[in-house]
Amino acid sequence: MAASLPTDAPASAVSDHVFTVERHDQLQLSPEDRKRITERTKWVLDSPDPPGFRQEILGSIKNVVCSQKNKKHGSSQPPFAWAVTFLRSVFPILSWARDYKASMFKDDLLSGLTLASLCIPQSIGYAALAQLNPQYGLYTSVVPPLIYTTMGTSRELAIGPVAVVSLLISAMVSKVVNPVVDPISYTKLVFTVTFFTGAFQALFGLLRLGFLVDFLSQAAIVGFMAGAAIVIGLQQLKGLLAISHFTTKTDVVSVLVAVAKSFHTSWYPQNFILGCSFLIFILITRFIGKRNRKLFWLPAIAPLVSVILSTAIVYLTRADEHGVKIIKHVKGGLNPSSVDQLQFNSPHLRESVKIGLVCAVIALTEAVAVGRSFATINGYSMDGNKEMIAMGFMNIAGSMSSCYVATGSFSRTAVNFFAGCKTAVSNVVMAITVLLMLQFLTGLLYYTPVAILSSIILSALPGLINYTEAYNIWKVDKLDFLACAGAFFGVLFASVEMGLMIAIAVSFAKIILNALRPRVQELGRLPGTDIFCEVDQYPVAHAVPGVLIIRLNSGLLCFTNANPLRDRILNWVAEENEKDDIKRPVSGIILDMSSVTNIDYAGVLALEETNKKLLSGGIKLAIASPRWQVIHKLKVAKFVDKVGRDCIFLTVCEAVDSFVGSKFTGPGNC
């Protein structure tokens with residue numbers, strides 16, 4: 001039973017081992033020790049009841065709208081002060097705007113203008129990727145950033161359309177309504193999807209359901225983003241080659257077949273030459289910007305410079321008359337209302353809700369990950385639930401003002417950060433700049449070649465493929481890498497939805513596998529200490545003769561794993577007692593439940609059955625370190641009365657001392 005020490009172990013380790021075993025064999029607890037253990041057991045058993053389900057839901061909503069600091073004194077606040085506190089919690093701008101200085105505006109102004117120079121061409125390109133008219137990409141860079149500035153908690157996050165969400169909308173909405181055959185219905189459906197995306201995001205934040213986003217693991221996101229980057233890149237061949245008839249499918253095979261067929265019809269190499277030339281120019285400026293941080297503005301303005309130069313070239317040479325495809329008319333002016341275009345009575349309502357949920361999860365995942373990364377760099381914390389609420393309300397407002405799904409962009413956020421932004425006012429500057437452009441300068445975009453928009457999108461894709469992280473995932477966890485690879489190949493060879501489904505399925509399979517087969521470890525005492533650790537991890541730790549200490553390494557003891565755990569414990573006891581070299585048969589089992597945060601009825605029944613079978617064999621069961629919800633449910637289910645109050649302990653050490661320091665005379669003791 002006792003863990004053996006290596007033959008070459010130092011004498012001191014051996015003496016510690018022998019001393020501890022002998023000490024246990026001869027230990028008798030003093031009355032003071034017994035009183036202390038009994039008192040601590042009362043701490044466990046007499047703890048107040050944990051909050052119920054209704055209290056948790058109401059508390060979650062309250063925590064979102066009320067800060068922890070004011071929650072303690074909220075009941076004593078006058079109504080006006082409570083209203084101010086509430087408004088500051090919902091609109092963080094009311095808190096930080098009081099300390100805003102003119103010197104900060106100078107940095108935000110420069111950052112916002114730099115951001116706008118990158119945002120304008122990207123927004124037009126992403127609208128094309130979503131199979132929408134160019135103005136909708138620009139509209140999306142006006143209203144959502146303004147809403148986010150008042151409600152968001154990130155200082156650096158740049159809001160607007162992004163490549164992956166644009167691809168999602170194009171891939172999923174086009175299967176419901178063909179954008180070529182019926183562009184008006186397609187646009188209306190996109191606005192409806194945007195509304196449901198915002199509704200889901202706001203709901204996640206209000207109910208503190210951000211953990212749902214975590215079901216799409218980091219490994220799955222890495223694979224999905226890499227696959228989406230390649231798919232987006234292949235989609236840009238339509239613009240680079242000026243292909244008129246292109247497939248609506250997104251898988252690699254369909255795209256390559258469509259490209260091959262286009263070579264047998266009509267295509268114009270001038271588009272390819274023009275697009276590739278400026279793509280090389282943008283990539284060179286990006287390389288220079290990475291080598292010299294002081295030149296951060298160079299890659300930021302490169303896309304806008306490319307648009308200006310290429311538009312001038314096409315206009316002066318009349319290249320549009322020789323096969324170069326241009327944007328032509330871009331509708332200008334303020335964002336028109338689209339409230340009457342939301343289709344809540346449409347036969348496609350179910351599809352709109354489903355697509356909205358997918359877009360909500362993907363958009364939140366990208367925005368929260370980007371925002372937290374830069375918040376960590378600047379040394380402040382970002383409130384994830386408030387971010388979800390801000391994202392939700394900005395997309396709901398966007399759906400009513402001719403915008404499609406907006407979220408935080410990594411490339412633009414990086415530009416915003418390196419430009420020296422101080423607050424979210426840089427988003428306001430960007431939005432106003434785009435609005436002025438919509439109001440007065442859209443006519444200048446008439447001769448902008450489509451190939452340039454494709455090259456701008458292509459230049460942003462390398463940042464979506466993270467080879468280093470994929471390699472690290474492979475080294476750390478092969479099952480995680482399976483989710484990564486599944487998402488990657490699913491997006492690449494099937495569809496965007498299939499890639500997501502594979503990634504989520506593998507992630508759920510991993511969760512279910514861990515729940516069905518949680519690890520059960522034997523604990524032993526480290527020599528000279530009262531610390532109990534896993535004997536497999538710490539070979540120097542030795543078991544206590546006659547006592548089997550088991551840790552349940554599962555956060556939940558429930559119907560999925562209760563019976564396997566019961567069988568594992570009983571088989572373990574039988575195996576220990578059948579060993580030939582056993583010094584003392586097992587007379588007590590201590591279950592360390594410090595890792596178990598909750599238990600259901602099936603888990604309670606499994607513990608009761610385990611206790612009955614152990615008692616029938618003359619073995620006592622004790623529970624050590626039960627968590628709040630666990631001990632509450634054990635008391636409600638009368639398990640504590642059945643096993644005995646003297647078999648519940650605050651720590652494993654106290655349980656061991658109680659076992660070793662008293663003689664067990666049979667089931668009657670418990």
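Residues numbered from 1 in each chain as written. Predicted model: local features only at pLDDT ≥ 70, side-chain atom pairs only at ≥ 80, totals over all residues. Heavy atoms only, no water.

Per an unreviewed UniProt entry, the protein goes by the name STAS domain-containing protein and belongs to Tagetes erecta. As stated in UniProt under Subcellular location (unreviewed entry), the record for the protein gives "Membrane". (UniProt positions renumbered as here; feature names shortened; annotations may be inferred.)

> Whenever I open this one, the environment of Leu565 confuses me. Can you help?
Relative to the helices and strands, Leu565 resides in helix 25 (residues 562-577). Among the residues examined, Leu565 registers a relative accessible area of 6% and is labelled buried. When the C-alpha positions of Leu565 and Leu607 are compared, they lie 9.4 Å apart, and in sequence the two are 42 residues distant. (Helix = DSSP H or I, 4+ residues; strand = E, 2+ residues; numbered from the N terminus. Buried < 20%, exposed > 50% of the residue type's maximum accessible area, 1.4 Å probe, protein only.)

> What is the right way to read the sheet that holds strand 10 (residues 648-649) from this model?
Pairing between the strands of a sheet comes from backbone hydrogen bonds, and it takes one of two forms, parallel or antiparallel. Pairing in this open sheet of 6 strands is mixed, and the strands run 4-3-5-7-9-10 from one edge to the other. Edge positions in the open sheet fall to strand 4 (532-534) and strand 10, since each of these has one partner strand only. Across 3 bridges, strand 3 (residues 519-525) lies against strand 4 in antiparallel orientation. Bridging across to strand 4, Arg525 finds its partner in Phe532. Contacts from helix 25 reach strand 3, strand 5 (547-553) and strand 7 (588-592) within the one sheet, and its direction differs from that of strand 5 by about 155°. (Pairing = 2+ DSSP bridges. Contact = heavy atoms within 4.5 Å. Axes fitted to C-alpha atoms, helices over the stretch in contact; angles between N-to-C directions.)

> Is there a simple way to think about the pairing of strand 5 in this case?
Residues in a regular strand point their side chains to alternate faces of the sheet. Counted residue by residue, strand 5 has 6 buried out of 7 residues, so it is predominantly covered. Relative to strand 7, strand 5 runs parallel, the two sharing 5 bridges. When the bridges of strand 7 are listed, Leu548 appears paired with Ile589.

> Got a minute to help me understand the side chain of Ser170 in this structure?
Structurally, Ser170 can be placed in helix 10 (residues 163-173). On the basis of relative accessibility, which here comes to 7%, the residue Ser170 falls in the buried class. Polar side-chain contacts of Ser170 include one of 3.4 Å to the backbone oxygen of Leu129. (Polar contact = N/O pair within 3.5 Å; in protein donor to acceptor, adjacent residues only side chain to side chain.)

> Sorry if this is basic, but what is going on with the UniProt feature "transmembrane region" (unreviewed entry) in the protein here?
Within the UniProt annotation, "transmembrane region" (unreviewed entry) is assigned to residues 158-177, 189-209, 272-289, 296-316, 389-411, 417-437, 444-465 and 485-509. Within residues 158-177, the helical portion is 55% and the strand portion 15%, while the C-alpha atoms at the span's ends are 31 Å from each other. For residues 389-411, helix accounts for 57% and strand for 13%, while the C-alpha atoms at its two ends are 23 Å apart.

> Would you take a moment to explain the pattern of salt bridges for this structure?
Between side chains of opposite charge, pairing is possible as soon as their charged atoms come close. For the structure on display, the rule yields 11 salt bridges. Across the pair Asp592 and Arg551 runs a salt bridge, and its minimum N-O distance is 2.9 Å. Placement of Asp592 in strand 7 and of Arg551 in strand 5 is noted, with a sequence separation of 41 residues between them. A relative accessible area of 2% means that Asp592 is categorised as buried. One salt bridge connects Arg566 with Asp567, and the closest N-O pair in it is separated by 3.2 Å. We classify Asp567 as partly exposed; its relative accessible area is 35%. Sharing partners across several salt bridges, the network here consists of Asp477, Asp480 and Lys510. (Salt bridge = Lys/Arg side-chain N within 4 Å of Asp/Glu carboxyl O.)

> Just checking my understanding: could you explain a nonpolar patch on the surface for this structure?
A cluster of nonpolar side chains, Ile432, Leu436, Phe440, Leu441 and Leu444, forms an exposed patch at the surface whose accessible area comes to about 530 Å². Secondary-structure assignment places Leu436 in helix 20 (residues 425-440). (Patch = residues over 30% accessible without salt bridge, like charges linked within 9 Å, V, L, I, M, F, W, Y side chains within 5 Å. Areas by Shrake-Rupley, 256 points an atom, 1.4 Å probe, with all protein chains shown as cover.)

> How should the packing of helix 11 (residues 183-206) against helix 18 (residues 384-399) be read in this particular structure?
Axes are the key here: two packed helices are described by the angle between their axes and the distance separating the axes. Two numbers describe how helix 11 lies on helix 18: the axes approach to 7 Å, and their chain directions differ by 160°. On the basis of their axis angle, the class for helix 11 and helix 18 is roughly antiparallel. Relative to helix 18, the crossing made by helix 11 is left-handed. Within the contact between the two elements, helix 11 uses Phe191, Thr194, Phe195, Thr197, Gly198, Ala199, Gln201, Ala202, Phe204, Gly205 and Leu206 and helix 18 uses Asn385, Met388, Ile389, Met391, Gly392, Phe393, Asn395, Ile396 and Ser399. Here the residues of the contact of helix 11 with helix 18 are counted per class, giving 11 nonpolar, 9 polar and no charged. (Parallel < 35°, antiparallel > 145°, perpendicular 65-115°, else oblique. Left-handed = near helix turned anticlockwise from the far one by under 90°. Nonpolar A, V, L, I, M, F, W, Y, C, P; charged D, E, K, R; others polar.)

> Before we go on, may I ask you to explain the confidence of the model for the protein in this structure?
Should the pLDDT be low somewhere, the predicted coordinates at that spot are not to be read in detail. Taken as a whole, the protein shows an average pLDDT of 85; of its residues, 89% reach a score of 70 or greater. Of the regions scoring below 50 in pLDDT, residues 67-74 engages in 7 contacts with residues more than four places distant in sequence or in other chains. Contacts from residues 662-670, a stretch scored under 50 in pLDDT, to residues over four places away or in other chains number 14 contacts. (pLDDT = per-residue confidence, 0-100.)

> Just checking my understanding: could you explain unusual backbone geometry for this structure?
Negative phi values dominate among residues other than glycine, just as trans dominates among peptide bonds. Here Gln131, not a glycine, exhibits a phi torsion of approximately 60°, which is positive. Along the chain, Gln131 turns up in the loop between helix 7 (102-129) and helix 8 (134-139). Look at Gln131 and you get partly exposed, because its relative accessible area is 27%. Phi is positive for Ala242, which is not a glycine, with a value near 55°. Among the structural elements, Ala242 can be located in the loop between helix 13 (237-240) and helix 14 (252-262).

> In this structure, what is going on with the nonpolar core? I would like to understand it.
Proteins that are soluble and globular tend to have nonpolar side chains buried together. Judged by nonpolar contacts, the single largest core of 112 residues is most densely connected at Leu168, Ile169, Val173, Leu216, Phe224, Met391 and Val434. In terms of residues, this core owes the most to one element, helix 17 (residues 349-378), which gives 10 residues. In contact with Ile169, not counting residues within four places along its chain, are Ala130, Ser174, Tyr186, Val190, Cys359, Tyr404 and Val405. Counting 34 residues, the second largest nonpolar core, distinct from the first, contains Ile623, Ile631, Leu634 and Phe639. (Core = buried A, V, L, I, M, F, W, Y, C linked by side-chain atoms within 4.5 Å.)

> Help me understand helix 21 (residues 450-460), please; the structure alone is not making it clear to me.
Because an α-helix completes one turn every 3.6 residues, residues spaced three or four positions apart along the sequence face the same direction. Counting buried positions along helix 21 gives 10 out of 11 residues, so the element sits mostly inside the fold. Every buried residue belonging to helix 21 is among Ala451, Ile452, Leu453, Ser454, Ser455, Ile456, Ile457, Leu458, Ser459 and Ala460, and all of these are buried. Check the buried side of helix 21 and you find it contacts helix 7, helix 12 (218-235), helix 13, helix 15 (269-291) and helix 16 (297-317).

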